[in-house]
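Descriptive analysis of the structure
Spelled out from the first residue to the last, the chains are:
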Amino acid sequence: MPTTNATRAVTLSRWQLELFCKCPRCFWLLKRHNVKQPEGYPLALNTAMDGLLKAEFDLYRAKGQPHPILVEHQITAKLFADTTRLEAWRNNFQGLRWKDADTGHVLFGAVDDVLEFPDGSLAVLDYKSSGAREATVYPSYQLQLDVYTFLLQKLGYQTAPQAFLAFFLAVKDDGFNGRLPFRPVLLSVTPQPERVAPLFQHAIRLAQSDQLPQPGAACDCCRWFGEALARLEHKED
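Only a predicted model underlies this, so the values are computations on that prediction, with no experimental measurement involved.

1. Description of the overall build of the protein
When helices and strands are counted, the protein shows 8 helices and 8 strands. Each of the three principal axes of the protein carries a C-alpha extent, and together these read 65 × 50 × 25 Å. Going through the 237 residues of the protein one by one, you find that 39% of them count as buried. Sequence separation of 24 or more characterises 68% of the internal contacts of the protein that already satisfy a separation of 6 or more. Counting every atom, the protein has about 14200 Å² of accessible surface; 54% of that belongs to carbon and sulfur.

This is how it looks when you write it as structure tokens:
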């Protein structure tokens, strides 16, 4: 039997699932026609911070010591010690990866870090660097923690009731002077892995559909295209 759009297996990344939530039309164009949203400027500073933070946490991991931000907030978990497994989970092309045995559909996402509690349960730890004065849990951050926790569960791991966001907020009060200090803030967030499966199923159905969906209400790309098309049509009239 030939494979059709309605039966073919679909692979989704955590970012693509987030795109589905933000704008079904942009998600559909990407998955069905490989039409991508225009890329923004590269976030070179964020990428650099991510690499520096991974290296710093790995240094404490190698010593078998908790990172100071965990000590400060009296978190009893240790940094996940299996570096080979963590390296795969951090890889953008591998990550935490689960394949539905019944359908062949795949969901994956790359984590920053994982904590292990004394009872063996695992918790996601995600790094965030920002120039904001206060740490904020945006919907996209919540979805990250939800997806990663869901994937850990699907891979057979016991998960803790909390996940964590380690914010490093730029301190700008004393000027630059050739160096920018950061203030660490750790937030505990309750993940909602139970909402991931329905989102995943809806996204799969849309990716297999032949019908162009409506754009997301707050999608800048769709709004720009709609305004540009309207002006062109008006000019032709």
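So much for the structure itself; the text now carries on.
2. Structural notes on the sheet that holds strand β2 (residues 78-79)
Strand pairs in the sheet, formed through backbone hydrogen bonds, run parallel or antiparallel to each other. As summarised here, the arrangement of the 5 strands in space is β2-β5-β6-β7-β8, forming an open sheet in which the pairing is mixed. The open sheet terminates on both sides in strands that have one partner only, identified here as β2 and β8 (182-189). Sheet topology note: the strand β7 (residues 163-170)/β8 ladder contains 8 bridges and is antiparallel. Bridge pairing links Phe168 to Pro184 in β8. Each of β5 (113-116) and β6 (122-130) touches helix α5 (residues 83-90); the most contacted strand, β5, lies at about 140° to it. Lying on the sheet, helix α6 (residues 139-154) is in contact with β6, β7 and β8; it crosses β6 at an angle near 155°.

3. What about α5?
Each turn of an α-helix holds 3.6 residues, which means side chains three or four residues apart point in the same direction. Regarding α5, the residues found buried are Leu86, Trp89 and Arg90. Looking down the long axis of α5, one finds its buried residues gathered within 95° of arc, a one-sided arrangement. Across α5 from its buried face, at more than 90 degrees, point the exposed residues Thr84 and Glu87. In the core, the buried residues of α5 are packed alongside α3 (44-63), β3 (96-99), β4 (106-109), β5, β6 and α6.

4. Brief notes about the nonpolar core
Inside soluble globular proteins, nonpolar side chains tend to come together where they are buried. With 43 residues, the main nonpolar core has Leu12, Leu17, Phe27, Trp89, Leu107 and Val147 as its most contacted residues. The biggest single contributor to this core is α6, with 8 residues. When residues no more than four places from it in sequence are discounted, the contact partners of Val147 are Arg14, Leu17, Leu107 and Val196.

5. A closer look at the packing of helix α1 (residues 14-22) against α6
Following both chains from N to C, one finds α1 and α6 inclined at 130°, their axes separated by 10 Å at the closest point. Between α1 and α6, the crossing angle belongs to the class labelled oblique. Considering the relative orientation of α1 and α6, their crossing is right-handed. Side by side, α1 and α6 meet where Arg14, Leu17, Glu18 and Cys21 of the first sit next to Ser140, Leu143, Gln144, Val147 and Tyr148 of the second. For the contact of α1 with α6, a count of residues per class yields 5 nonpolar, 2 polar and 2 charged.

6. Quick notes on the pairing of β6
Taken across its 9 residues, β6 has 7 buried, putting it largely inside the fold. The pairing of β5 with β6 spans 4 bridges and is classified as antiparallel. Each bridged residue has a counterpart across the sheet, and for Asp113 the counterpart in β6 is Leu125. Taken together, β5 and the strand that follows it, β6, pair antiparallel across an intervening segment of 5 residues, in which Gly120 is found at a positive phi of about 90°. In this sheet, β7 lies alongside β6 in parallel orientation, the contact comprising 6 bridges. When the bridges of β7 are listed, Asp126 appears paired with Leu165.

What counts and what doesn't
- Residues numbered from 1 in each chain as written.
- Predicted model: local features only at pLDDT ≥ 70, side-chain atom pairs only at ≥ 80, totals over all residues.
- Heavy atoms only, no water.
- Helix = DSSP H or I, 4+ residues; strand = E, 2+ residues; numbered from the N terminus.
- Buried < 20%, exposed > 50% of the residue type's maximum accessible area, 1.4 Å probe, protein only.
- Contact = heavy atoms within 4.5 Å.
- Areas by Shrake-Rupley, 256 points an atom, 1.4 Å probe, with all protein chains shown as cover.
- Pairing = 2+ DSSP bridges.
- Axes fitted to C-alpha atoms, helices over the stretch in contact; angles between N-to-C directions.
- Arc of directions from axis to C-beta.
- Core = buried A, V, L, I, M, F, W, Y, C linked by side-chain atoms within 4.5 Å.
- Parallel < 35°, antiparallel > 145°, perpendicular 65-115°, else oblique.
- Left-handed = near helix turned anticlockwise from the far one by under 90°.
- Nonpolar A, V, L, I, M, F, W, Y, C, P; charged D, E, K, R; others polar.

Shape descriptors only; they carry no functional weight alone.
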